[in-house]
Amino acid sequence: MSDPKVNDLTFQAATVNGSGSQSANMVLTRAIFSMGIPVAPKNVFPSNIEGLPTWYQLRITPEGYMARKGDPDVLVALNPVTWANDLKAVRPGGAVIHEEAYSTAGVRDDVTYYPVPFSKLAKTRIESDTLRKQLTNLLYVGVVAGLLGIPKDRLEHGVQRVFQTKPKAWQVNVDAINVGYDYWEQNFRDRPCGFRLEQLTGKVDDLVLVEGNQATALGALMGGVTVAAWYPITPSSSVCENLIAYADRFRVDPKTGEKLISVVQAEDELAALGMAIGAGWAGARAMTSTSGPGISLMAEFSGLAYYAEIPVVIFDIQRVGPSTGLPTRTMQGDVSFAYSLSHGDTRHIVLLPGNVEECYEFARTAFDLADRFQTPVFVLSDLDLGMNLWMTRKFSYPDHGFDRGKLLSAERLAELKGDWGRYRDVDGDGIPWRTLPGTDHPLAGYFTRGSGHDENARYTESAETYARNMDRLARKLEGAREVLPQPVLDEPGSQIGLIAFGSTDSAVAEARALLSAQGLRIDYLRLRALPLSAAVAQFVARHERVYVVEQNRDGQVYDLIRLELAPDQVGKLRSIRNYDGQPIPAEAITRPLMELEAVPV
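(A) Looking closely at the pairing of strand 12 (residues 286-290). Buried residues dominate strand 12, accounting for five of its five residues. With burial as the criterion, each face of strand 12 is covered, one bearing A286, T288 and T290 and the other bearing M287 and S289. Of the strand pairs in this sheet, strand 12 and strand 13 (residues 312-318) are connected by four bridges, and their pairing is parallel. Paired with S289 across the two strands is F315, which belongs to strand 13.

Here you go:
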């Protein structure tokens, strides 16, 4: 056998949902990461509690690529239902660790098999009847460790990180891993694998592993949220679950023990947004988190907050639709819907984080923007970004205070002598001044209206007044374009451009490197917010052809960009789309782009 590939492989575990395999996979991931090796985990799990197939893919590359790769090099197969298909997917020259009872006769001869009697080992070597099911998966961690050369002390580190709140569980998990490791030593030590892991330095220094939903929750906390109303829905539930955990640590009065944040689980998504809007109207920094079916229910309330000009933040962790769709698959299919959510002429501010650091930063920023522009702000992540671990730099502590926007105090009201109107545009930017309930001045009050109203918040059905108000709302949003997070540009000087957003960024980074190696350089603009910055049209104007890459069927951002281009620029755009529910791999970008550019594949 030729020398093994070092620190460059894709590992996949095929197990049964609810079997405890997630803990085993996390131990393996943490152990490898602690060796200084870049990792990129991806979960593919079913939308039920237990019993159906689940897959975990761990990509390992010296370059630190974080996009999904696809077919595995090393497979752990512990699900008889998917065994045949899982085996077919392994790359030639790969390694297959499988339950000994699975037949390999006449199937493939271009992979190396490592049959392990997992069931028998569990029955004979794991004493605890109650933990046997969960600990069985730790056996394959030991076998994989032996096969790839993961040191035992790194495995112990992985156990301690995964079970850091349950130190009593450390030894029993380490013991189960050692059973698998010993089996590898006794049976497979002389059966080499074509892949090897070795300690690295300088690749993951100062990086941590964080899920996007964790980062979002921490960012919301740093953004000053004091009210969160939510209804559980995959894949957004862990946003508020993490927020609750963080709040229990950091939002409690140290003297009285009183909680300084209110988190309410509502009866449904509609009620959750209604509660958050009410809190925002009262002056709280308020939020809700949901996914596509949830924002479908929130359309009317979104329009109320837009028209009545009430700040609120809505986190949408996107999944596959329409309808219930594929609840545990990823997509970027809510962009155009969230941007215009409600009937009538409605446009919202939408933030598009592309990594977990931006999940943290944009969560903070969203509350400032909601207060500044007195409007709902949507933050669109997705399942891939939200529920998978990503390598990231450590987050920075906020270096500035909150922007509460145009708030009138009692003192300012006294200076105005009552000469103010809730919906007046006195500064020419479309943003009116507001008061908060409880402001100690007799002229602070006004009627908050979701129906027709004039500049002084009085009810009216005047056609002229309605049109004037709608024009002001549009002017307010226009002013947001250059205040929102601006696009990230990387232009080495190609005539070909590429536009993407959100979690697609990781695949774009790898795709550009692969294309560059073949002599095809691509300039890149990453969108980070709607409405679009002027930089987008300028980018298109500088290039002969521009490809818009997104994870939805209909090319939603492609269409939004075309709507804002000059007629002579529209023909430059091309659309590349990936919408199978799996995180987009680099190949889904390189292959169609090379075909469209007539580059030999």
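Moving on, there is more to tell.
(B) Structural detail: the packing of helix 1 (residues 21-33) against helix 5 (residues 152-162). Packing of helix 1 against helix 5 brings their axes to within 7 Å, and their N-to-C directions diverge by 125°. Taken together, helix 1 and helix 5 sit at an angle that is classed as oblique. Of the two possible hands of crossing, helix 1 and helix 5 adopt the one that is right-handed. Facing helix 1, whose interface residues are S23, M26, V27, R30 and A31, helix 5 presents R154, L155, H157, G158, V159, R161 and V162. In terms of residue class, the contact of helix 1 with helix 5 is made up of six nonpolar, three polar and three charged.

(C) Geometry of the nonpolar core. Ranked by internal contacts, the top residues of the largest apolar core, which has 57 residues, are F11 and I150. In terms of residue count, the dominant contributor to this core is helix 4 (residues 132-148) (ten residues). The contact partners of I150, leaving out residues within four places of it in the chain, are L28, A31, I32, M35, A145, L155, Y181 and L197. Counting 41 residues, the second largest nonpolar core, distinct from the first, contains V227, I277, I310 and L352.

(D) Fine view of the packing of aromatic side chains. This structure, assessed with the given rule, holds eight aromatic pairs. With a centroid separation of 5.3 Å and 90° between ring planes, the pair formed by Y114 and F188 is classed as edge-to-face. In this pair, Y114 is assigned in strand 7 (residues 112-116) and F188 in the loop between helix 6 (170-187) and strand 8 (195-196), connecting sequence segments 74 residues apart. On the basis of relative accessible area, Y114 is assigned to the buried category, the value being 0%. On the accessibility criterion, F188 (3% relative accessible area) is buried. With centroids separated by 5.7 Å and ring planes inclined at 55°, the aromatic side chains of Y181 and W184 adopt a geometry described as tilted. With a gap of three residues between them, Y181 and W184 both fall in helix 6, about one helical turn apart. What links up through ring pairs into an aromatic cluster is the set Y114, Y183 and F188. The positively charged end of R191 is found above the aromatic ring belonging to Y114, 5.7 Å away from the centroid. The ring of Y339 has R347 lying over it, and the distance from NZ or CZ to the ring centre is 5.0 Å.

(E) Here's a closer look at the sheet that holds strand 11 (residues 262-265). An order of 11-10-12-13-15-14-20 is seen for the seven strands of this open sheet, with the pairing classed as mixed. Each end of this open sheet is capped by a strand with a single partner; those strands are strand 11 and strand 20 (529-530). In the sheet, strand 13 pairs with strand 15 (residues 376-382) via seven bridges, with the strands oriented parallel. Among the inter-strand pairings, D316 is bridged to a residue of strand 15, identified as L380.

(F) Representation of the side chain of S494 within the structure. Following the sequence through the fold, S494 ends up in the loop between strand 17 (488-490) and strand 18 (496-501). For S494, a relative accessible area of 12% corresponds to the buried category. In this structure the side chain of S494 is engaged in a polar contact, spanning 2.9 Å, whose partner is the backbone nitrogen of I496. The contacts of S494, once residues within four sequence positions are left out, are R521, I522, D523 and H543.

(G) Broad picture of the pattern of salt bridges. With the rule as written, the count across this model stands at 33 salt bridges. Put simply, R154 and D153 hold a salt bridge, and the shortest N to O gap is 3.5 Å. On the basis of relative accessibility, which here comes to 43%, the residue D153 falls in the partly exposed class. The salt bridge partner of R468 is E455, with a shortest N-O separation of 2.6 Å. One end of the pair, R468, is in helix 16 (residues 463-480); the other, E455, is in the loop between helix 15 (410-416) and helix 16, with 13 residues separating them in the sequence.

(H) Region of the structure containing the sheet that holds strand 22 (residues 573-577). Spatial ordering of the open sheet is given by 17-19-18-21-22, a layout of five strands whose pairing is mixed. Looking at which strands have only one partner, the edges of the open sheet turn out to be strand 17 and strand 22. Strand-to-strand twist of the sheet, defined as the mean angle between neighbouring strand axes without regard to direction, takes the value 20°. Relative to strand 21 (residues 545-550), strand 18 runs parallel, the two sharing four bridges. The partner of G497 across the bridge, within strand 21, is V546. Lying on the sheet, helix 18 (residues 534-541) is in contact with strand 17, strand 18, strand 19 (523-527), strand 21 and strand 22; it crosses strand 19 at an angle near 160°.

(I) Examining the pairing of strand 6 (residues 95-99) more closely. Burial within strand 6 is extensive, with five of its five residues counted as buried. As paired strands, strand 5 (residues 74-77) and strand 6 are joined by four bridges and run parallel to one another. Within strand 6, the residue paired with A77 across the bridge is H98. Remark: the strand 5/helix 2 (residues 83-89)/strand 6 crossover connection has right-handed handedness. One ladder, built from five bridges, connects strand 6 with strand 7; its direction is parallel. Within strand 7, the position partnered with A95 by the bridge is T112.

About the thresholds
Starting afresh in each chain, residues are numbered from 1 along the sequence in its written order. In keeping with the model being predicted, local features are shown solely for residues with a pLDDT of at least 70 and side-chain atom pairs are shown and tallied solely at 80 or more, while totals for entire chains, interfaces and linings include all residues. Side-chain metrics in this entry use all non-hydrogen atoms of the structure; hydrogen atoms and water are not considered. Each residue is assigned to one of three classes by its accessible area relative to the maximum for its type, calculated with a 1.4 Å probe on protein chains only: buried under 20%, partly exposed between the two thresholds, exposed over 50%. Helix and strand definitions here come from DSSP, where helices need a minimum of 4 consecutive H or I residues and strands a minimum of 2 consecutive E residues; each element is numbered from the N-terminal end. Think of it this way: DSSP has to see at least two bridges between two strands before they count as a pair. Axis angles are defined between N-to-C directions and span 0 to 180 degrees, where every axis is a line fitted to C-alpha atoms and, for a helix, only to the segment in contact. Geometric relationships in this document are graded by angle, where less than 35 degrees denotes roughly parallel, more than 145 denotes roughly antiparallel, 65 to 115 denotes roughly perpendicular, and other angles denote oblique. Left-handed describes a crossing whose near helix is turned anticlockwise from the far helix through less than a right angle; right-handed describes the clockwise counterpart. Here a residue-residue contact requires only that any non-hydrogen atoms of the pair lie within 4.5 Å. Ten residues, namely Ala, Val, Leu, Ile, Met, Phe, Trp, Tyr, Cys and Pro, are considered nonpolar, four, namely Asp, Glu, Lys and Arg, are considered charged, and the remaining ones, Gly among them, are considered polar. What makes a nonpolar core is a set of buried Ala, Val, Leu, Ile, Met, Phe, Trp, Tyr and Cys residues whose side-chain atoms join them at distances within 4.5 Å. For this analysis, a ring pair means two rings from Phe, Tyr or Trp (six-membered ring only for Trp) whose centres lie within 6.5 Å, classed as stacked if their planes differ by under 30 degrees, edge-to-face if by over 60, and tilted for the remaining angles. Put simply, a charge is over a ring when the Lys NZ or the Arg CZ is close to the ring centre, within 6 Å, and near the line of the ring normal, within 35 degrees. The term polar contact refers here to a pair of N or O atoms within 3.5 Å; inside protein, the definition further demands a hydrogen-donor-capable atom paired with an acceptor-capable atom, and it admits residues adjacent in sequence only when both atoms are side-chain atoms. Salt bridges are defined by distance alone: a side-chain nitrogen of Lys or Arg within 4 Å of a carboxyl oxygen of Asp or Glu. The handedness rule is simple: strands pointing away from the viewer, and a clockwise path from the first strand over the helix to the second, make the crossover right-handed.

Geometric values such as these leave the question of function open.
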